[in-house]
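# Geometric and topological summary
Here are the chains, one letter per residue:
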Amino acid sequence: MDSQKEALQRIITTLANKNEELHNFIETLSHSLAGVQVNSTQVISDLEEEFDTLFSILDEMKESMTNTIKQEQARKSHELQNQLTQSTNALESAEELLEFANNALHIKDEEEFAKAAKQIKDRVTMAPAFRLTMKPKATDSMTHLMVDFSQERQLLQKLIFLPVPRAPEIEAQDCLVMDNTVNLVWRMPVEDSKIDHYILEYRKTEHEGLPRVKDERCWEVVDNIKTTEYTLTGLKFDSKFMNFRVRACNKAAAGDYSDPVTLETRAFNFSLESSSSHLNLKVEEGSVEWDPQGGKGLESKIKGKENKGSGTPSPKRAASARSPAVRGGRDRFTGESYTVLGDTSMDCGQHYWEVKALKDCKSYSIGVAYRNLGKFDQLGKTNTSWCIHINTWLQTSLAAKHNNKAKSLDVAVPEQIGVYCDLDGGQLSFYNAESKQLLHTFKTKFNQPVVPAFMVWCGGLTLSTGLQVPSAVRSFQKTENGIGGSSGSLNSMAQ
């Protein structure tokens, strides 16, 4: 009966997953169908706009060339009309002179004849008819303004849609997710020498499989990629998966997207829990800072002695007024336990995060603890917490602490510390986040979930979460198994 129920449950899970996949596919098809309508309307509008622009250019060219012909017509007409007027006037003058000369032939008086002949001779010398050129200043030909659009017509008849590159293919087996970077590799199904560049788009998602149309996150774009490979660096992995797609572009247009690929990007993400932190700590999502004035308004309402001293008290002499517990949660840390916990517990697997101290931070601890850590308990002083403690109050010191035992570490205090917690292997290791030098390793067996834990006095810490376990740390853990940084006096079985 039980085995049948288990088998049926597996079938139900498979059917539920398939139904979800079909719902997503139907949404994708509906979105694509609507996109076809919208995009078709858009390209028709673009086509009409292009033709209208072409018609406008042709109309402008026609008007310009027509004006050129009319200007040439006016010029030639003006030249010929002037010549015609001058020739007409010359003809009238010549006819008058001819008539005068014919009449002079009939003069009998020699003196009058000589006088007339001289007059005719002088008039002939000055006559316009003999000074005019008999060649037209313009011809009636207009062939130099004729056009031949046969080549242009052929070009217009050859108008086609833009050649669009084919969709690339992402090589999922060659893509690599490591050290908070993603290396994407793709190829073209056929070689295309006209491709100018590629566009990569990616987005974070909580869903495995094909991208969902209705996803809460937008696609981010990387443009002008010249090769068929690209590496995204400096990513914060605050989602379980990431979707990727690529399209190729030539000088004219962008092609279709590749089939999307979904890659797993799981990492440990947490925030600081302000509801249970010490009142002297100013807690934000990814940082904590010592605040000597914190909680004074609340503490003044609490019966008992108040801390009447001024200035910044040392950790051992600070006020120990008890704060009321937070409803619905654990008790708020109080007394000398300047502690804040992470809001996400770890019960299995390997996790990594980094912590950076603010400049001039006097004292701080970084580690993990069980969630039942007492509200007066200080990190490393109980069997439910493990940490390294840095003190720069008088002189700089670095120590590993657990169960009220401390081991001094003879290494320089790094600017940023990486914390590696292996729940399955029973290890808690601390590294120089920059060089990946091992600072210390606790070897223990955690018998309940743990949370990140921090103590701060006179200063502050900033967190970096959403980090994968660095490959250098993984490699070190495999080869050394954490033995080199362990301390026999601090190794323990978790209680």
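Here is what the cut-offs are and how they apply
Residues numbered from 1 in each chain as written. Predicted model: local features only at pLDDT ≥ 70, side-chain atom pairs only at ≥ 80, totals over all residues. Heavy atoms only, no water. Helix = DSSP H or I, 4+ residues; strand = E, 2+ residues; numbered from the N terminus. Buried < 20%, exposed > 50% of the residue type's maximum accessible area, 1.4 Å probe, protein only. Contact = heavy atoms within 4.5 Å. Areas by Shrake-Rupley, 256 points an atom, 1.4 Å probe, with all protein chains shown as cover. Patch = residues over 30% accessible without salt bridge, like charges linked within 9 Å, V, L, I, M, F, W, Y side chains within 5 Å. Salt bridge = Lys/Arg side-chain N within 4 Å of Asp/Glu carboxyl O. Lys, Arg positive; Asp, Glu negative; His and termini not counted. Charge placed at Lys NZ, Arg CZ, Asp CG, Glu CD. Phe/Tyr/Trp six-rings, centres within 6.5 Å; stacked < 30°, edge-to-face > 60°. Lys NZ or Arg CZ within 6 Å of the ring centre and 35° of its normal. Polar contact = N/O pair within 3.5 Å; in protein donor to acceptor, adjacent residues only side chain to side chain. Pairing = 2+ DSSP bridges. Core = buried A, V, L, I, M, F, W, Y, C linked by side-chain atoms within 4.5 Å. Expected span 1.5 Å × (residues − 1). 1 Å grid on protein atoms, 1.4 Å probe; cavity = no way out; pocket = protein on both sides within 12 Å on 5 of 7 lines; lining within 4 Å. Points joined across faces, edges and corners; volume = space filled by probe spheres on them. Nonpolar A, V, L, I, M, F, W, Y, C, P; charged D, E, K, R; others polar. Axes fitted to C-alpha atoms, helices over the stretch in contact; angles between N-to-C directions. Parallel < 35°, antiparallel > 145°, perpendicular 65-115°, else oblique. Left-handed = near helix turned anticlockwise from the far one by under 90°.

## A few points about the overall build of the protein chain
- Scanning the protein chain from N- to C-terminus turns up five helices and 23 strands.
- Buried residues in the protein chain amount to 35% of all 495 residues.
- Within the protein chain, counting contacts between residues at least 6 apart in sequence, those at least 24 apart form 68% of the total.
- A total accessible area of about 30,900 Å² is found for the protein chain, and carbon and sulfur atoms account for 51% of it.

## Details of a negative patch on the surface
- A cluster of acidic residues, Asp46, Glu48, Glu49, Glu50 and Asp52, forms a negative patch at the surface.
- With respect to the helices and strands, Glu48 occurs in helix α1 (residues 2-104).

## Overview of the packing of aromatic side chains
- Under the defined criterion, the tally for this structure stands at 14 aromatic pairs.
- Ring geometry for Phe51 and Phe55: centres 5.9 Å apart, planes at 50°, overall tilted. One end of the pair, Phe51, and the other, Phe55, are both in helix α1, four residues apart, so they sit about a helical turn from each other.
- Using a relative accessible area of 34% as the deciding quantity, one classes Phe51 as partly exposed.
- Phe55 gets classed as partly exposed once you look at its relative accessible area, which sits at 44%.
- Between Phe270 and Trp353 the ring centres are 5.7 Å apart and the planes differ by 85°, which places this aromatic pair in the edge-to-face class. A residue pair is termed long-range when its members are at least 10 positions apart, and Phe270 in the loop between β9 (261-264) and β10 (281-284) and Trp353 in strand β13 (residues 350-357) qualify at 83 residues. Pair check on accessibility: Phe270 and Trp353 agree, each one buried.
- Three or more aromatic residues joined by ring pairs form one cluster here, namely Phe268, Phe270, Trp353 and Phe454.
- Its guanidinium or amino end placed over the ring of Phe100, Arg123 lies 5.8 Å from that ring's centre, counting from NZ or CZ.

## Some remarks on the environment of Ser239
- Residue position: Ser239 is located in the loop between β6 (229-232) and β7 (241-249).
- It is 9.1 Å that separates the C-alpha atoms of Ser239 and His207, two residues lying 32 residues apart in sequence.
- When neighbours within four sequence positions are excluded, Ser239 is seen to be in contact with Lys204, Thr205, Glu206, Arg217, Thr265 and Arg266.
- In this structure the side chain of Ser239 is engaged in a polar contact, spanning 2.9 Å, whose partner is the backbone oxygen of Phe241.

## Some points on the pairing of β7
- With eight of nine residues buried, β7 lies mostly within the body of the structure.
- Summarising the sheet, strand β4 (residues 197-205) and β7 pair through nine bridges and their orientation is antiparallel. The residue bridging Tyr198 from the neighbouring strand is Ala248, located in β7.
- Pairing geometry for β7 and strand β8 (residues 254-257), over two bridges, is antiparallel.

## Notes on the nonpolar core
- Core analysis: the largest hydrophobic core is formed by 49 residues, its most contacted members being Trp353, Ile388, Leu428, Phe430 and Phe454.
- Of all the elements, strand β21 (residues 450-457) adds the most residues to this core, at seven residues.
- Leave out the neighbours within four places in its chain, and Ile388 touches Tyr364, Ser365, Ile366, Leu398, Ala399, Ala400, Leu409, Ile417, Phe430 and Leu439.
- Residues Cys175, Leu232, Phe244 and Val261 belong to the second largest nonpolar core, which totals 21 residues.

## Notes on helix α2 (residues 110-126)
- Between its first and last C-alpha, α2 extends 24 Å over 17 residues, near the 24 Å set by a 1.5 Å rise per residue.
- Sitting at the amino-terminal end of α2 is Asp109, which places a side-chain oxygen 2.7 Å from the backbone nitrogen of Glu111.

## Section: the layout of surface pockets
- Considering only enclosed or pocket space, the largest pocket measures out at about 760 Å³ in volume.
- If you trace the largest pocket, you find 22 residues lining it, with Thr28, His31, Ser32, Arg245 and Tyr257 closest to the centre.
- Broken down by element, the residue count for the lining of the largest pocket peaks at six residues, all from α1.
- Here the residues of the lining of the largest pocket are counted per class, giving 11 nonpolar, five polar and six charged.

## Considering the sheet that holds strand β12 (residues 339-341)
- Read from one edge of the open sheet, six strands run β12-β21-β14-β15-β16-β17, paired in antiparallel fashion. Looking along the sheet, the strands with just one partner apiece sit at the ends: β12 and β17 (405-408). Geometrically, the sheet is characterised by an average inter-axis angle of 20° between neighbouring strands, direction not taken into account.
- In this sheet, β21 lies alongside strand β14 (residues 363-370) in antiparallel orientation, the contact comprising eight bridges. Each residue of the ladder has a partner; that of Ser363, found in β21, is Trp457.

## Examining the pattern of salt bridges
- Scanning the model with the defined rule gives 15 salt bridges in all.
- In this structure, Arg187 engages Glu169 in a salt bridge whose closest nitrogen and oxygen atoms are separated by 2.7 Å. Of this pair, Arg187 sits in strand β3 (residues 181-187) while Glu169 sits in strand β1 (residues 169-170); the two residues are 18 residues apart in sequence, bridging distant segments of the chain.
- As a salt-bridge pair, Glu264 and Arg266 come within 2.4 Å of each other at their nearest N and O atoms.
- A relative accessible area of 45% means that Glu264 is categorised as partly exposed.
- Linked through salt bridges whose partners overlap, the residues forming this network are Lys204, Glu206, Arg217 and Asp238.

## Some remarks on the side chain of Thr384
- Assignment of secondary structure puts Thr384 in the loop between β14 and β15 (385-391).
- Judged by its relative accessible area of 13%, Thr384 falls in the buried class.
- A polar side-chain atom of Thr384 sits 2.9 Å from a polar atom in the side chain of Thr382.
- When neighbours within four sequence positions are excluded, Thr384 is seen to be in contact with Val368, Ala369, Tyr370, Asn372 and Leu373.

## A word on the packing of α1 against α2
- At a minimum axis distance of 10 Å, the contact between α1 and α2 shows a crossing angle of 160°. Relative to α2, the element α1 is oriented roughly antiparallel. Crossing handedness for the pair α1 and α2: left-handed. Contacts between α1 and α2 pair Glu96, Leu97, Phe100, Ala101 and Ala104 from the former with Phe113, Ala116, Gln119, Ile120, Arg123 and Val124 from the latter.
- Residue composition of the contact of α1 with α2, grouped by class: eight nonpolar, one polar and two charged.

Spatial relationships are all this shows, so hold off on functional conclusions.
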